[in-house]
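Chains, contacts and geometry: an overview
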Amino acid sequence: MPTVNPLQSSSNALASAAGKSMSSLGINDFITLMTTQLKYQDPTKPQDSTAFIAQLAQFSSVSGIQEMNSSISTLLTEMRGSLAVNATSLVGHEVLVSADTASLAAGESLTGIIETPTGTSDLTVVINDASGQVVRQFTVPATSGNSSFTWDGLNDRGDAVVGGNYTVKAIANVYGSSESVSTALNTKVGSVTINSADNSLVLNTHTLGSIQLADVLQIN
């Protein structure tokens, strides 16, 4: 009787039944390979039994991995849902985010903190509008670690500024030398959405736009 190459037959069967890359083989594909080998092997030259035992072990391994992947996927979905529910509790609350630019409406104020180096004697806050013009400059007391500041939304003449984007610059007097330091701003959370690209949680805020939940430094 003609001899049929079991490996070639298995390959043909897999190609016609699955049409997948080797990296996406599943338990059904392994079973297809095994049954095709049994069907086409030469009875006078049976397949080595140890090879089938090894294949069975592979089947068990693949099945276990698939079940584990399914369990992990379910767990991640549940955790993502739980995180989304918890994040919605932030709606209406203020959060502190590392930033220096905010969008304000006319008559609104802005609060935040300034990273204060050791040896700082005083801090100067400079508010610039979108064109880079200075609209307000004032000093705040320096405290250890972080110093709080509030801008009332007025310019140096005491008039309310128009709505728009404003940038906060902080300058620390450290042992007699001027040094630019980082700021963080408070903003109110209006809603929470899920980023479809990476399933991360996004907080939609009033003055800072959309920010990642991971970027929140403090919840007020």
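These numbers come from a predicted model, not from an experiment. (Residues numbered from 1 in each chain as written. Predicted model: local features only at pLDDT ≥ 70, side-chain atom pairs only at ≥ 80, totals over all residues. Heavy atoms only, no water.)

This next bit is on the overall build of the protein chain. Of regular secondary structure, the protein chain possesses three helices and twelve strands. Sequence separation of at least 24 residues holds for 61% of the intrachain contacts in the protein chain that already meet a minimum separation of 6. Looking at the protein chain as shown, the accessible area adds up to about 13100 Å², and 54% of this sits on carbon and sulfur atoms. (Helix = DSSP H or I, 4+ residues; strand = E, 2+ residues; numbered from the N terminus. Contact = heavy atoms within 4.5 Å. Areas by Shrake-Rupley, 256 points an atom, 1.4 Å probe, with all protein chains shown as cover.)

This part is about the pattern of salt bridges. Where charged atoms from two side chains of opposite charge approach closely, those side chains can pair. Under the defined criterion, the tally for this structure stands at three salt bridges. The partner of D152 in a salt bridge is R136, with the nearest N and O atoms 2.8 Å apart. With D152 in the loop between strand 6 (145–151) and strand 7 (164–174) and R136 in strand 5 (residues 134–140), the pair connects residues that are 16 residues apart, well separated along the chain. Residue class for D152 comes out partly exposed when judged on its relative accessible area of 37%. For R136, a relative accessible area of 18% corresponds to the buried category. Between D159 and R157 there is a salt bridge, with the nearest N and O atoms lying 3.5 Å from each other. Via salt bridges that share partners, R136, D152 and D156 belong to a single interconnected network. (Salt bridge = Lys/Arg side-chain N within 4 Å of Asp/Glu carboxyl O. Buried < 20%, exposed > 50% of the residue type's maximum accessible area, 1.4 Å probe, protein only.)

Once that is clear, we can look at the side chain of T205. Considering the arrangement of structural elements, one finds T205 in strand 10 (residues 201–205). Polar contacts involving the side chain of T205 include one to the main-chain carbonyl oxygen of G209, which spans 2.7 Å. For T205, the residues in contact, after removing those within four places along its chain, are T187, K188, V189, G190 and I211. (Polar contact = N/O pair within 3.5 Å; in protein donor to acceptor, adjacent residues only side chain to side chain.)

This paragraph deals with the layout of surface pockets. Here the largest pocket defines a volume of roughly 180 Å³. Top contributing element to the lining of the largest pocket by residue count: strand 9 (residues 183–194), with three residues. (1 Å grid on protein atoms, 1.4 Å probe; cavity = no way out; pocket = protein on both sides within 12 Å on 5 of 7 lines; lining within 4 Å. Points joined across faces, edges and corners; volume = space filled by probe spheres on them.)

Residue placement: S210 occurs in strand 11 (residues 210–212). If sequence neighbours within four positions are ignored, S210 has contacts with V202, L203 and N204. Within the structure, the side chain of S210 is placed 2.9 Å from the side chain of N204, a separation counted as a polar contact.

Strand 3 (residues 110–116) sits mainly inside the fold: five of its seven residues count as buried. Here strand 3 runs beside strand 6; their pairing, made up of seven bridges, is antiparallel. In the strand pairing of strand 6, L110 is matched with W151. Strand direction decides the pairing type here: strand 3 and strand 9, joined by three bridges, are antiparallel. Residue pairing in the sheet places G112 in a bridge with L185 of strand 9. (Pairing = 2+ DSSP bridges.)

Turning to the pairing of strand 4 (residues 120–128), a few remarks are in order. Most of strand 4 is tucked away, with seven of its nine residues classed as buried. Pairing of strand 4 with strand 7, which is carried by eight bridges, proceeds in the antiparallel orientation. By the bridge assignment for strand 7, T120 is matched with V174. Pairing analysis gives six bridges linking strand 4 to strand 5, with the strands arranged antiparallel. Paired with I127 across the strands is R136, a residue of strand 5. Hairpin connection between strand 4 and strand 5: a loop of five residues separates the two successive antiparallel strands, and G132 in this loop has a positive phi of roughly 95°.

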